[in-house]
Structures are given as structure tokens and as C-alpha cells.
Amino acid sequence: MQVFWRIVFPLLRPATASVMIFLGVWIWNDFIDPFIILGPSQGTTVTTGVYRAFGQYQVDLGGVFAIMFLATLPVLLFYLLLQKQFVKGLTGGATKG
């Protein structure tokens with residue numbers, strides 16, 4: 001395990017960060033599964049909460065935009081924390097040498 005953590009994992013860190021960002025955004029933006037599985041009686045996730053903020057006859061756009069802003073903050077912070085590793089992972093094979 002010591003060899004893995006000292007030699008292998010530092011080489012895999014950019015790829016791991018890229019995969020974590022892509023999967024994190026995909027899971028965070030999941031809408032259909034929570035909407036169908038949870039239903040209205042068992043609570044909501046953030047994305048279904050944005051959908052449920054729209055009424056049939058009226059919409060509080062200020063409230064909806066505030067919910068959308070708060071829904072994007074965790075993903076944005078997650079990306080900003082892993083941005084350096086993300087760019088390394090994307091450009092790792094693009095250069096020669």
C-alpha cells in the first residue's frame with residue numbers, strides 16, 4: 001500500500017480529479033431518478049427542488065434564481081478546488097515529452 005500511495009497515486013491524481021469532477025456534476029444534475037423514486041412525499045433533491053419551485057400559474061423568478069444559484073455553488077466550489085488537477089488530466093497526453 002505504501003508503494004501505491006507514494007508512487008502510483010501521484011501519477012493517477014490528475015485522472016482521478018477529472019473523473020471525480022465529471023461524475024460529481026453528473027450525479028449532482030441527476031433529475032429523473034430522484035423525481036420518480038422519491039416522489040413528492042419523501043422530500044426532494046436540489047435539482048427537483050428547483051423544478052418544484054415553479055408553480056402552475058405563477059413563478060417567483062427571484063426565488064427560483066436564488067435556488068439555482070445555491071444549487072450551483074457546491075459544484076463550482078468542487079471544480080475550483082480540483083481545477084489544477086483537472087487541467088493536468090486533460091492536457092497530460094496532449095504534449096510530447
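Rules and cut-offs
- Residues numbered from 1 in each chain as written.
- Predicted model: local features only at pLDDT ≥ 70, side-chain atom pairs only at ≥ 80, totals over all residues.
- Heavy atoms only, no water.
- Phe/Tyr/Trp six-rings, centres within 6.5 Å; stacked < 30°, edge-to-face > 60°.
- Buried < 20%, exposed > 50% of the residue type's maximum accessible area, 1.4 Å probe, protein only.
- Bend = angle between axes of the 7 residues up to and from the residue.
- Helix = DSSP H or I, 4+ residues; strand = E, 2+ residues; numbered from the N terminus.
- Contact = heavy atoms within 4.5 Å.
- Expected span 1.5 Å × (residues − 1).

(A) Representation of the packing of aromatic side chains in the model. As enumerated under the stated definition, the model contains three aromatic pairs in all. Consider the rings of Phe 4 and Trp 5, whose centres lie 5.2 Å apart with planes at 80°: the pair is edge-to-face. On the accessibility criterion, Phe 4 (32% relative accessible area) is partly exposed. Given the relative accessible area of 49%, Trp 5 is considered partly exposed. Judged by centre distance (6.2 Å) and plane angle (50°), the ring pair of Phe 4 and Phe 9 falls under tilted.

(B) A look at helix H4 (residues 61-91). At Gln 83, H4 shows its largest kink, close to 65°. When we look at burial in H4, the residues that qualify are Val 64, Ala 71, Leu 82, Gln 85 and Phe 86. Along its buried surface, H4 packs onto helix H1 (2-28) and helix H3 (46-52).

(C) Fine view of H1. Across its 27 residues, H1 extends only 33 Å between first and last C-alpha, which sits more than 12% below the 39 Å expected from 1.5 Å per residue. Within H1, the axis deviates most sharply at Phe 9, by approximately 55°, and proline Pro 10 lies no more than four positions further along. Taken together, the buried positions of H1 are occupied by Pro 14, Ala 17, Ser 18 and Ile 21. Considering only its buried residues, H1 is in contact with H4.

(D) The environment of Val 25, seen in detail. Assignment of secondary structure puts Val 25 in helix H1. On the basis of relative accessibility, which here comes to 30%, the residue Val 25 falls in the partly exposed class. Expressed as a C-alpha distance, the spacing of Val 25 and Val 75, which sit 50 residues apart in the sequence, is 6.5 Å.

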